[in-house]
Amino acid sequence: MGIQITPSVLNADLSRLADEIARIPSSDWVHIDVMDNHFVPNLTLGLPVFESLAKATDLPLDAHLMITDPDRWAPAYAEAGAGSVTFHAEAAAAPVRLARELRAKGVRASMALKPATGIEAYADMLAELDMLLIMTVEPGFGGQRFLDVCLPKIRRARELISAAGLEVWLQVDGGVSLETIERCAEAGADVFVAGSAVFSAEDPDAVVRELKARAESISGAV
């Protein structure tokens, strides 16, 4: 699978999202943050906008649902054109059932953990997932500083995935930049969400390519 870069449009110009996505053709995925102002203290876009974006780009969409009741809403994002749907362990009532439902709809099933949520309680359900997301900031807002305290959890997650012989992608989201991506890659992450680092640049696609190069230089050495 290799290293994958997934820019988050949370820090893009929200008035012209399709144009902003067109500026990052080197991306492997486009990360769409869905927030409901309940699970996290912020409100972003919802299902109708997501569905429109899926029709406006050929890049696969990675839906990150920071919402209450993902058991109800996550399947709708699969039907709306997502290639991967991430729900939060802290919000899902039946995470195994939800992961299986998403897979049955033909999308990748992913589960996210907030910074203070441990990985050990979910070790036995990793086989139900296609991707595990370790949040490296508190979810809800873009532009936050990377939390180094999350690095041991990334390492532990990689150990659990490897020990079980699984091909689960390990994603990190929050404060990922040219300054922090190598630490994440060294800890074992292979999918990286970057928002402000990409869309605050004059040439966002050049940053995408540089992020991948830096992560690949580390992953090839560990």
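As a reminder, the structure under discussion sits directly above these lines.
Computed from a predicted structure; not experimentally measured.

## Focus: the sheet that holds strand β7 (residues 169–173)
Reasoning step 1: Read across the open sheet, the eight strands follow the order β1-β8-β7-β6-β5-β4-β3-β2; overall the sheet is parallel. At either end of the open sheet lies a strand with only one pairing partner, and these are β1 (4–7) and β2 (30–35). Strand-to-strand twist across the sheet, computed as the mean angle between neighbouring axes with direction ignored, equals 25 degrees.
Reasoning step 2: When β2 meets strand β3 (residues 61–66), the two strands line up parallel, connected through six bridges. In the strand pairing of β3, valine 34 is matched with leucine 65.
Reasoning step 3: Helix α2 (residues 47–56) rests against β2 and β3 of the sheet, and its axis sits at about 170 degrees to β3.
Reasoning step 4: On the sheet, helix α4 (residues 95–104) packs against β4 (84–88) and β5 (108–113) and is oriented at approximately 170 degrees with respect to β4.

## Quick word on the pairing of β4
Reasoning step 1: Among the five residues in β4, five count as buried, and that is most of the element.
Reasoning step 2: Residues Ser84, Thr86 and His88 point to one face of β4 and Val85 and Phe87 to the other, with burial holding for every one of them.
Reasoning step 3: Where β3 meets β4, three bridges bridge the pair, whose relative direction is parallel. Bridged to aspartate 62 within β4 is serine 84.
Reasoning step 4: Each parallel crossover has a hand, and for β3 linked through helix α3 (residues 70–79) to β4 it is right-handed.
Reasoning step 5: Sheet topology places β4 next to β5; five bridges connect them, and they run parallel. The residue bridging histidine 88 from the neighbouring strand is alanine 112, located in β5.
Reasoning step 6: Tracing the backbone out of β4, into α4 and back to the parallel element β5 gives a crossover that is right-handed.

## Examining the packing of α3 against α4
Reasoning step 1: Packing of α3 against α4 brings their axes to within 10 Å, and their N-to-C directions diverge by 15 degrees. By the criterion of interaxial angle, the relationship of α3 to α4 is roughly parallel. For the pair α3 and α4, the crossing hand works out as right-handed. Contacts between α3 and α4 pair Pro70, Asp71, Ala74, Pro75 and Ala78 from the former with Leu98, Glu101 and Leu102 from the latter.
Reasoning step 2: Broken down by class, the residue content of the contact of α3 with α4 amounts to six nonpolar, no polar and two charged.

The rules we used
- Residues numbered from 1 in each chain as written.
- Predicted model: local features only at pLDDT ≥ 70, side-chain atom pairs only at ≥ 80, totals over all residues.
- Heavy atoms only, no water.
- Pairing = 2+ DSSP bridges.
- Helix = DSSP H or I, 4+ residues; strand = E, 2+ residues; numbered from the N terminus.
- Axes fitted to C-alpha atoms, helices over the stretch in contact; angles between N-to-C directions.
- Contact = heavy atoms within 4.5 Å.
- Buried < 20%, exposed > 50% of the residue type's maximum accessible area, 1.4 Å probe, protein only.
- Right-handed = clockwise from strand over helix to strand, strands pointing away.
- Parallel < 35°, antiparallel > 145°, perpendicular 65-115°, else oblique.
- Left-handed = near helix turned anticlockwise from the far one by under 90°.
- Nonpolar A, V, L, I, M, F, W, Y, C, P; charged D, E, K, R; others polar.

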